[in-house]
Amino acid sequence: MQTIVIGHKNPDMDSICSAVAYAHLKRVTGTPNVIAARAGNTNERIDFVLHKFGVEPPVFISDLSDRVSDVMERDVICVQADSTAYDAIHLLEKRRLRGLPVVDGARRFLGLLSAFKISHHLFPPREEADAARLITAPLSSIVATFGGKVLIGELPNETAEYLLMIGAMSADTFAERLRQQRPERLVLFVGDRDDIQMLAIAANVRAIVVTGDLPVAAAVEEAARAGGVTIVRSPHDTAISVDLARGAVQVGRMLEPEHLTFTPDTLLEHVREKAAHSAAFVFPIVDETGVLVGILAKSNLLKKAERRLILVDHNELSQAVKGADKVRIVEILDHHRIGGFATDSPILFWNNPVGSTSTIVALCYQQAGVPVPRAMAGLLMAGLLSDTLNLNSPTATPADRLVLEQLAQVAGVDPAEFAEEIFSVGSPLLTLTPEQVITADCKEYEEDGIRFTVSQIEELSFSHFAEKQEALLAALEQHGRRARLYFAALLVTDINTQTSLLLCCGAPEFLYRIDFPARGPHMWELAGVVSRKKQLLPYLLQCLAGSKS
């Protein structure tokens, strides 16, 4: 079972760093198969911190809904296109299968081979019986099916079309029928009938199969050697030898004309819909290059992915990765308000009013008695410094200060210098498009059925804000309309002056309630407001309540 530690959509530094560090703690304390994940893109500041401490970014997961890769069979039994029907049908019988995927030498999927197709070849309708004598295969494969032994000549491995013929008639009749065929493609099955054998050699047939393990006359051998005709001895009688020889046809010529394939990333919901209207017995799973990587039987569609979820830095499903409501959530570590949330069974839920989730994760290391590795200490420092604006946010607590001191000793990094490094990297106003600024750290909330979002970015100053103001407002308004929100807000915070500018678009009756000093259309100055969680959100909820009264 896989356990995924993941933060909220549009992750910030704290969300990414706490997920990575907590996943590491879970692994070293005995939880198997734990991965850190992210529900959105990183940014330049996050990338800087990950690179500084040599840590790979968490795995990107945009949707936790069950996918084909979660339930498919990875150990696939298949055959190559040049395999014989004889080998394929025995494999079907041995493994109790209804069909087999057929691949080329590079394991690229070519089609499905069904037991029906093989049966149709071995037992064709009467009107198609003549065609059943035509076998396209190497002569060596034909002889191998009945366990023949070469007496004269060689068996080529090149694929060619051969006509199987039985010499069970008078010499005159045989001679007449022989003249109606192309001798170079004939494979004659005959018992110890020297006259038939000599006529075939004289006509220069491709090969003679002497059945019943019967002896071959010396004169026949000499004539075959002189005429370049291959002679093979079969241990079986003529009827059995021919039946087995017909199994030499290559399965690449017997594929089902239509088939459904899926990729490992295909949603199971989509597959179930398609499979319900398909008569196929299995569905091949191929990667982007067409290579067969798995197989999906209809019985597999009844399975559910064996996954568990640990949420960090959020506890509201509106902020969680898509599909989180379909996965069992076993733990939550958060420092925000508790939203509407219910679980089927008790879980570990640590909601601590500290400045960052990274602080909570550091405390988890202490509780577990596990030393924090230097790289994890560096990440937790970054998450703590970023979320508390270097401890200047009103959300910062004495616990944050103590944890920061302890992490700094382990990481060997000065907190003040590190904070300056972080906030000097990648100004969002300069490195992101207006649309990306809105979504980079955007959280969605729902209050009494009303949905709204609050985004936030931190800058070292407002020097670049004026040139971006109109584009930001346009992007914010479009974001609100597209998501059908009651309002959409963006908080631009100057971490040096501890002042923010609030941009907000939405219902006029809501905007009317905002009573901070206006600095332009849909824009207000919020002196001393730097925390979305502790300062802005409670204020917006108060305005929301007033607009509904």
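The structure this text deals with has already been given above.
Analysis parameters
- Residues numbered from 1 in each chain as written.
- Predicted model: local features only at pLDDT ≥ 70, side-chain atom pairs only at ≥ 80, totals over all residues.
- Heavy atoms only, no water.
- Helix = DSSP H or I, 4+ residues; strand = E, 2+ residues; numbered from the N terminus.
- Rg over C-alpha atoms; globule rule 2.2 N^0.38 Å.
- Buried < 20%, exposed > 50% of the residue type's maximum accessible area, 1.4 Å probe, protein only.
- Contact = heavy atoms within 4.5 Å.
- Areas by Shrake-Rupley, 256 points an atom, 1.4 Å probe, with all protein chains shown as cover.
- Lys, Arg positive; Asp, Glu negative; His and termini not counted.
- Charge placed at Lys NZ, Arg CZ, Asp CG, Glu CD.
- Core = buried A, V, L, I, M, F, W, Y, C linked by side-chain atoms within 4.5 Å.
- Pairing = 2+ DSSP bridges.
- Axes fitted to C-alpha atoms, helices over the stretch in contact; angles between N-to-C directions.
- Disulfide = S-S within 2.5 Å.
- Nonpolar A, V, L, I, M, F, W, Y, C, P; charged D, E, K, R; others polar.
- Polar contact = N/O pair within 3.5 Å; in protein donor to acceptor, adjacent residues only side chain to side chain.
- Salt bridge = Lys/Arg side-chain N within 4 Å of Asp/Glu carboxyl O.
- Phe/Tyr/Trp six-rings, centres within 6.5 Å; stacked < 30°, edge-to-face > 60°.

Student: Just checking my understanding: could you explain the overall build of the protein for this structure?
Tutor: If you tally the helices and strands in the protein, you get 20 helices and 23 strands. The C-alpha atoms of the protein give a radius of gyration of 37 Å, which is well past the 24 Å a tight globule of 549 residues would have. Burial status across the protein gives 52% buried among its 549 residues. Sequence separation of at least 24 residues holds for 63% of the intrachain contacts in the protein that already meet a minimum separation of 6. For the protein, the exposed area adds up to about 25300 Å²; of that, 51% sits on carbon and sulfur atoms. Charged side chains of the protein number 53 positive and 67 negative; the gap between the two group centres comes to 4 Å.

Student: How do you make sense of the nonpolar core when you look at a structure like this?
Tutor: In a soluble, globular protein the nonpolar side chains are often hidden away together inside. With 50 residues, the main nonpolar core has Val-49, Tyr-365, Leu-379, Met-381 and Phe-418 as its most contacted residues. A total of nine residues in this core trace back to one element, the largest contributor, which is helix α1 (residues 13–28). Residue contacts for Phe-418: discarding those within four places in its chain leaves Phe-48, Val-49, Lys-52, Phe-53, Gly-378, Met-381, Ala-382, Leu-385 and Val-413. The next biggest cluster of nonpolar side chains, apart from the first, holds 23 residues, and it includes Tyr-486, Leu-502, Leu-540 and Cys-543.

Student: So what exactly am I meant to see when it comes to the sheet that holds strand β21 (residues 499–506) here?
Tutor: Through backbone hydrogen bonds, the strands of a sheet pair up, either in parallel or in antiparallel fashion. Taken together, the six strands give an open sheet; going across it, the order is β18-β19-β20-β21-β23-β22, and neighbouring strands pair in mixed fashion. Either end of the sheet is taken by a strand with one partner, and the two such strands are β18 (442–447) and β22 (518–520). For this sheet, the mean angle separating the axes of adjacent strands, direction not counted, is 25°. With six bridges connecting them, β18 and strand β19 (residues 450–459) associate as antiparallel partners. The residue bridging Glu-447 from the neighbouring strand is Ile-450, located in β19.

Student: Please explain the sheet that holds strand β17 (residues 348–351) as it appears in this structure.
Tutor: Ordered by their spatial adjacency, six strands build an open sheet running β3-β2-β1-β15-β16-β17, and the pairing between neighbours is parallel. Single-partner strands in this sheet number two, and they are β3 (59–60) and β17. Looking at chain direction, strand β16 (residues 328–334) and β17 are connected through four bridges and run parallel. Bridge pairing links Glu-331 to Leu-348 in β17. Helix-sheet contacts for α1 involve β1 (2–6), β2 (34–38), β15 (307–312), β16 and β17, and the interaxial angle to β2 is about 175°. Strands in contact with helix α12 (residues 357–368) are β15, β16 and β17; relative to β16, the strand with the most contacts, it is inclined by about 105°.

Student: Sorry if this is basic, but what is going on with the state of the cysteines here?
Tutor: In protein chemistry, a disulfide is the covalent bond that joins the sulfur atoms of two cysteines. Here the structure, examined in full by the defined rule, presents zero disulfides. Note on Cys-442: no disulfide assigned, nearest cysteine sulfur contributed by Cys-504 at a separation of 12 Å. Cysteine Cys-543 is unpaired, with the sulfur of Cys-504 as its nearest cysteine sulfur at 8.8 Å. Judged by its relative accessible area of 4%, Cys-543 falls in the buried class.

Student: Would you take a moment to explain the packing of α12 against helix α13 (residues 374–387) for this structure?
Tutor: For any two helices packed against each other, one specifies the inter-axial angle together with the distance between the axes. Contact pair α12 / α13: the axes reach a minimum separation of 8 Å and the direction vectors enclose 145°. Each of Ser-358, Thr-359, Val-361, Ala-362 and Tyr-365 in α12 lies in contact with α13, whose residues at this interface are Met-376, Leu-380, Gly-383 and Leu-384. Classifying every residue of the contact of α12 with α13 gives six nonpolar, three polar and no charged.

Student: Please explain the environment of Arg-532 as it appears in this structure.
Tutor: Secondary-structure assignment places Arg-532 in helix α20 (residues 532–548). Remark: the alpha-carbon pair of Arg-532 and Val-454, spanning 78 residues in sequence, is separated by 7.8 Å. The residues touching Arg-532, leaving out its near neighbours within four places in the chain, are Asp-441, Cys-442, Lys-443, Tyr-445, Val-454, Ser-455, Gln-456, Leu-537 and Pro-538. Within the structure, the side chain of Arg-532 is placed 2.9 Å from the backbone oxygen of Asp-441, a separation counted as a polar contact. At a separation of 2.9 Å, a polar atom in the side chain of Arg-532 contacts the main-chain carbonyl oxygen of Val-454.

Student: Sorry if this is basic, but what is going on with the pairing of strand β13 (residues 282–286) here?
Tutor: Two faces make up the sheet, and in a regular strand the side chains alternate between them. A large share of β13 lies buried, amounting to five of its five residues. Taking every second residue as pointing to the same face, both faces of β13 are buried, with Val-282, Pro-284 and Val-286 on one and Phe-283 and Ile-285 on the other. Sheet analysis places β13 next to strand β14 (residues 292–297), joined by five bridges and oriented antiparallel. Bridge assignment links Pro-284 to a residue of β14, and that residue is Ile-295. Hairpin connection between β13 and β14: a loop of five residues separates the two successive antiparallel strands, and Gly-290 in this loop has a positive phi of roughly 90°.

Student: I tried to follow the pattern of salt bridges on my own but got confused; where do I start?
Tutor: If charged atoms from side chains of opposite charge come close, those side chains can pair. What the rule picks out here adds up to 16 salt bridges. Close ionic contact of Arg-185 with Glu-161 constitutes a salt bridge, the shortest N to O distance being 3.0 Å. Taken together, the residues span a long stretch of sequence, with Arg-185 in the loop between α7 (171–179) and β10 (186–190) and Glu-161 in strand β9 (residues 159–166) at a distance of 24 residues. One salt bridge connects Arg-519 with Glu-525, and the closest N-O pair in it is separated by 2.9 Å. Here Arg-519 falls in the partly exposed class, since its relative accessible area comes to 43%. Members of the salt-bridge network, linked through shared partners, are Asp-66, Asp-70 and Arg-307.

Student: I would appreciate a short explanation of the packing of aromatic side chains in the present structure.
Tutor: What characterises a pair of aromatic rings is the spacing of the ring centres plus the angle enclosed by the ring planes. Inspection of the entire model under this criterion finds ten aromatic pairs. For the ring pair Phe-262 and Phe-283, a centre distance of 5.8 Å and an interplane angle of 65° mean the geometry is edge-to-face. Placement of Phe-262 in the loop between α10 (238–245) and α11 (268–275) and of Phe-283 in strand β13 is noted, with a sequence separation of 21 residues between them. Ring centres of Phe-452 and Phe-487 lie 4.6 Å apart, and the angle between their planes is 15°; on these two criteria the pair is classed as stacked. Of this pair, Phe-452 sits in strand β19 while Phe-487 is found in strand β20 (residues 487–494), placing the two residues 35 residues apart along the sequence.

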